[in-house]
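Listed here are the chains, written in short residue letters.
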Amino acid sequence: MQVMLYGVLKEKLQDEMIEITPVVTVQELIQILEIRYPLLKEQRFTIAVNKKICTDNKHALTEEDAIALLPPFSGG
Amino acid sequence: MLTPEEYKRYSKQVALPQIGLGGQQKLKAAKVLVVGAGGLGCPALLYLAGAGIGTIGIADGDVVEISNLPRQVLYGNESVGKKKADEARRVLASINPMVKVVVYEEFITAQNAERIMQDFDVVIDATDNLETRYVMDEFSVRLQKPWIFGGVYKYEGQLSVFNHPLNKGVGYKDIYPKKENMNTPEDCNLAGVLGVLPGIIGCMQAAECIKIILGMNDVMSGKLVVFNLQSMQTQAFEI
């Protein structure tokens, strides 16, 4: 599965896109990501699945889903 | 009604079929509050005043610093050390003396939000911190007003329209629920910024504001727009 990164997360994870082994729920996605990148636990971000923001951790995922991690941008 | 002078001034946008004389009168009758007169607020204010928004409110308690000048394009060297809201009013009066500008030399907080926001039809978020955005999120629902969010980080920007009649109640909290003890994103002073980025996002906010006032349906309500200055890509995420 591909996970696109935005904003500060690109710097923290030092990439624009990461590959992870397929997961079946958003909750599992977060768990896998936090194990691989512990610093994510301290980061604020929202998850988008196929260009739709998903706040339901039980949301089912498939291998083809496009995932995006979107941190808030607060400058202005 | 538009005066002959107003008709002449706004003739190019009146010529657009979706605006016309009726649309220009809507802009003239509109009251827009811009919260923050910095990197996002300066371009938004310039275009709102230029477009003939009848009443523009500016809320900012800050003073101009020399490091603001590359992106806060309402100000010049002579503005350094002066109140941003006052300087913005002075410049806007020169750009379009037909616009009434109301100044609030204070930062928006939960204590003053209702008093300042209640007199306006649309609120533009041009702040540089999350706390103020949660205040605006709460009070926009309470006061039944749409607000236009904008935010930048380095080379990327975000924009959305919240609490619009098309998506009543949908707000910033629906993307980023308020949480304690989380890392606060860096503002432009800490992260660095190229002035054109807030320039672009601020102009997008002014465009959304004008679309809301004109009653256009294709406003960015229910969407989080993400713009990347390096790739020039714009993506819209459904909320």
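Everything numeric in this text was worked out from a predicted model, so none of it was measured.

### Considerations on the overall build of chain A
Tallying secondary structure elements over chain A gives two helices and five strands in all. In summary, chain A has a C-alpha radius of gyration of 12 Å against a globular reference of 11 Å for 76 residues, a match within 12%. C-alpha extents for chain A along the principal axes are approximately 35 × 25 × 20 Å. Looking at chain A residue by residue over its 76 residues, the buried ones come to 50%. A sequence separation of at least 24 residues applies to 51% of the contacts in chain A between residues at least 6 apart. Of the roughly 3800 Å² of accessible surface on chain A, a fraction of 50% belongs to carbon and sulfur atoms. Across chain A, 8 positive and 11 negative side-chain charges occur, with their mean positions spaced 7 Å apart.

### Things to note about the pattern of salt bridges
All names here are of chain B. Under the definition given, this model contains 13 salt bridges over all chains. A salt bridge links Arg90 to Glu87; its shortest N-O distance comes to 2.9 Å. Residue Arg90 and its partner Glu87 are located together in helix α5 (residues 84–95), separated by three residues, close to a single helical turn. Since its relative accessible area comes to 5%, Glu87 is described here as buried. Of the charged contacts in the structure, one is a salt bridge between Arg115 and Glu106, with a shortest N-O distance of 2.9 Å. The exposure class of Arg115 is partly exposed, given its relative accessible area of 45%. You can call Glu106 partly exposed: its relative accessible area is 23%. One network of salt bridges, with partners in common, ties together Glu78, Glu87 and Arg90.

### Considering the interface of chain B and chain A
Chain B puts 38 residues into the contact, and the matching count from chain A is 23 residues. Here chain B meets chain A over a buried area of about 2600 Å², counting both sides, of which 54% is carbon and sulfur. Counting every contact that joins chain B to chain A gives three salt bridges. Among the ionic pairs, Lys10 of chain A bridges to Glu156 of chain B, the shortest N-O distance being 3.5 Å. Taken together, the links from chain B to chain A amount to 17 residue pairs in polar contact (both at pLDDT 80 or more). Elements supplying a minimum of two residues to the side of chain B that touches chain A: α7 (130–142), β5 (147–153), β6 (156–162), β7 (223–228) and β8 (233–238) of chain B. Per-element tally for the side of chain B that touches chain A: the top contributor is β5 of chain B, with five residues.

### A word on the environment of Ser94 of chain B
Within the secondary structure, Ser94 of chain B sits in helix α5. Distance in space between the C-alpha atoms of Ser94 of chain B and Met220 of chain B is 31 Å, their sequence separation being 126 residues.

### Observations regarding the nonpolar core
Membership of the largest hydrophobic core comes to 54 residues, with the highest contact counts inside it found for Leu29, Ile67, Leu69 and Leu70 of chain A together with Leu33, Leu224 and Phe237 of chain B. No other element matches α7 of chain B, which puts five residues into this core. Residue contacts for Leu224 of chain B: discarding those within four places in its chain leaves Ile53 and Leu70 of chain A together with Phe149, Gln158, Leu159, Ser160, Ile175, Tyr176, Gln235, Ala236, Phe237 and Ile239 of chain B. In terms of nonpolar packing, the next biggest core, distinct from the first, is built from 48 residues, Leu45, Ala49, Leu92 and Cys188 of chain B among them.

### Focus: the packing of helix α4 (residues 41–51) of chain B against helix α9 (residues 196–214) of chain B
The axes of two packed helices give the description: the angle between them and the distance between them. Residue and element names in this part refer to chain B. Two elements in contact, α4 and α9, have axes whose closest approach is 7 Å; the angle formed by their N-to-C orientations is 35°. Handedness of the α4/α9 crossing: right-handed. Along the contact surface, α4 presents Pro43, Ala44, Tyr47, Leu48 and Ala51, while α9 presents Pro198, Gly199, Gly202, Cys203, Ala206, Cys209 and Ile210.

### Considering the packing of α4 of chain B against α5 of chain B
Residues and elements named next belong to chain B. Packing of α4 against α5 brings their axes to within 9 Å, and their N-to-C directions diverge by 35°. Handedness of the crossing formed by α4 with α5: right-handed. Where α4 abuts α5, its residues Leu45, Leu46 and Ala49 lie against Ala88, Leu92 and Ile95. Looking at the contact of α4 with α5, its residues break down into six nonpolar, no polar and no charged.

### Here we look at the side chain of Glu156 of chain B
Examined against the element boundaries, Glu156 of chain B turns out to sit in strand β6. Residue Glu156 of chain B is classed as buried on the basis of its relative accessible area of 5%. A polar contact is formed between the side chain of Glu156 of chain B and the side chain of Lys10 of chain A, at a distance of 3.5 Å. Apart from residues no more than four positions distant in its own chain, Glu156 of chain B is found in contact with Tyr6, Gly7, Lys10 and Phe73 of chain A together with Gly151, Leu197, Phe227 and Asn228 of chain B.

Quick notes on the rules
Residues numbered from 1 in each chain as written. Chains lettered and ligands numbered in written order. Predicted model: local features only at pLDDT ≥ 70, side-chain atom pairs only at ≥ 80, totals over all residues. Heavy atoms only, no water. Helix = DSSP H or I, 4+ residues; strand = E, 2+ residues; numbered from the N terminus. Rg over C-alpha atoms; globule rule 2.2 N^0.38 Å. Buried < 20%, exposed > 50% of the residue type's maximum accessible area, 1.4 Å probe, protein only. Contact = heavy atoms within 4.5 Å. Areas by Shrake-Rupley, 256 points an atom, 1.4 Å probe, with all protein chains shown as cover. Lys, Arg positive; Asp, Glu negative; His and termini not counted. Charge placed at Lys NZ, Arg CZ, Asp CG, Glu CD. Salt bridge = Lys/Arg side-chain N within 4 Å of Asp/Glu carboxyl O. Buried area = accessible area lost by both parts, 1.4 Å probe. Polar contact = N/O pair within 3.5 Å; in protein donor to acceptor, adjacent residues only side chain to side chain. Core = buried A, V, L, I, M, F, W, Y, C linked by side-chain atoms within 4.5 Å. Axes fitted to C-alpha atoms, helices over the stretch in contact; angles between N-to-C directions. Left-handed = near helix turned anticlockwise from the far one by under 90°. Nonpolar A, V, L, I, M, F, W, Y, C, P; charged D, E, K, R; others polar.

Don't take any of this as a statement about function, it's just geometry.
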